[in-house]
Amino acid sequence: MKFLEPPLIALDAEAASAEEAIRLAGALLTEAGAAEARYADAMVDSYRERGPYFVLAPSIALPHARAQDGVIEAAVSFVRLKEPVIFGHSANDPVQLVFALGGSDSGEHIALLRQLTTLLSSPAHLEQFKQAADVEAIQQIIRGNEQ
C-alpha cells in the first residue's frame, strides 16, 4: 500500500479542467507502478457519467474507479493545483486538492479512505496541504498525523 509517498505527490500543478486534474493525479499512480494508465481513463469516465460526486468537501476531490479498471497496488496520490478548478459541485467548488484513490479490493479501499479522512478532517491539516512549500512539508504533516 502506497499512501501519499513522495513520488505520489505533485504540488502547484496546472490543470485547465477537472478532467485534466483527474488525469494528473492518475498519472502519479501510474508512474509509481500502482495503477495501469487506463485507470486514469476510468476515473475520468466515472466523472463524466456520475458527475462530481467525489468532491467531498470544499476544495477537495477524491476521484477513483473500480479496482478492475487497472489498480495494481492500493495507493493514494495527491495533486495540489496551482489554480483551483471547477468540477461542477454546487457546494464544494472550486477544487484545489485532488487525491486519487486506487484500492485493489474493498477492504484496502476503505482502509485508504479512512486514513485519508482522518488526515483531512483537521482544518489545520487542510490549510497545511494548501500552503506546504514542498513535498517534505507534506510528509511532515502525514508523519505528524500518524503519531
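Note that the structure is predicted; figures quoted are calculated from it, not measured.

A. Spatial organisation of the nonpolar core. Ranked by internal contacts, the top residues of the largest apolar core, which has 31 residues, are Leu29, Phe87 and Val98. Breaking this core down by element, the ones donating at least two residues are helix H1 (18–31), helix H2 (38–50), strand E5 (75–85) and strand E6 (95–102). If near-sequence neighbours (up to four positions away) are discounted, Val98 is found in contact with Ala21, Ala25, Ala61, Pro63, Ser77, Phe78, Val79, Leu81 and Phe87.

B. Spotlight on the pattern of salt bridges. Scanning the model with the defined rule gives 9 salt bridges in all. For Glu14, the salt bridge goes to Lys82, with nearest N and O atoms at 3.7 Å. Of this pair, Glu14 sits in the loop between strand E2 (9–13) and H1 while Lys82 sits in strand E5, and the two are 68 residues apart along the sequence. Note on Lys82: relative accessible area 46%, which makes it partly exposed. Of the charged contacts, one joins Arg143 and Glu136 as a salt bridge, the two residues approaching to 2.5 Å between their closest N and O atoms. When its relative accessible area of 38% is taken as the criterion, Arg143 is described as partly exposed. Residues joined by salt bridges that share partners form a network here, namely Glu19, Asp45 and Arg48.

C. Region of interest: the packing of aromatic side chains. One pass over the full model with this rule turns up 7 aromatic pairs. Pairing Tyr47 with Phe54 gives two aromatic rings, centres 5.9 Å apart and planes at 55°, and the pair type is tilted. Each member of the pair Tyr47 and Phe54 is classed as buried. Their ring planes at 90° and their centres at 6.1 Å tell us that Phe54 and Phe87 sit as a pair that is edge-to-face. Of the two residues, Phe54 sits in the loop between H2 and strand E3 (55–57) while Phe87 sits in the loop between E5 and E6, which places them 33 residues apart along the sequence. Exposure class is identical for Phe54 and Phe87. Each is buried. Pairwise contacts between aromatic rings join Tyr47, Tyr53, Phe54 and Phe87 into one cluster.

D. Fine view of unusual backbone geometry. Here Asp93 and Pro94 are connected by a cis peptide whose omega angle stands at -10°. The topology assignment puts Pro94 in the loop between E5 and E6. In the Ramachandran plot, Leu4 falls in the positive-phi region, its phi being about 50° despite a non-glycine side chain. As for its placement among the helices and strands, Leu4 is situated in the loop between strand E1 (2–3) and E2. For Leu4, a relative accessible area of 0% translates into the label buried.

E. Spotlight on the side chain of Gln96. Relative to the elements of secondary structure, Gln96 occurs in strand E6. Other than its neighbours up to four places away in sequence, Gln96 contacts Ser59, Val79, Arg80, Leu81, Lys82, Pro84 and Lys130.

F. Just H1, in detail. Taking 1.5 Å of rise per residue, 14 residues should cover 20 Å, and H1 covers 20 Å from first to last C-alpha, within 8% of that figure. Restricting attention to buried positions, one finds in H1 the residues Ala18, Ala21, Ile22, Ala25, Gly26, Leu28 and Leu29. The buried residues of H1 all sit within an arc of 150° when viewed along its axis, so they share a single face. Elements in contact with the buried residues of H1: E2, H2, E5 and E6. A positive backbone phi angle near 80° is found at Gly33, which sits one or two residues after H1.

The rules behind the values
Residues numbered from 1 in each chain as written. Predicted model: local features only at pLDDT ≥ 70, side-chain atom pairs only at ≥ 80, totals over all residues. Heavy atoms only, no water. Core = buried A, V, L, I, M, F, W, Y, C linked by side-chain atoms within 4.5 Å. Buried < 20%, exposed > 50% of the residue type's maximum accessible area, 1.4 Å probe, protein only. Helix = DSSP H or I, 4+ residues; strand = E, 2+ residues; numbered from the N terminus. Contact = heavy atoms within 4.5 Å. Salt bridge = Lys/Arg side-chain N within 4 Å of Asp/Glu carboxyl O. Phe/Tyr/Trp six-rings, centres within 6.5 Å; stacked < 30°, edge-to-face > 60°. Expected span 1.5 Å × (residues − 1). Arc of directions from axis to C-beta.

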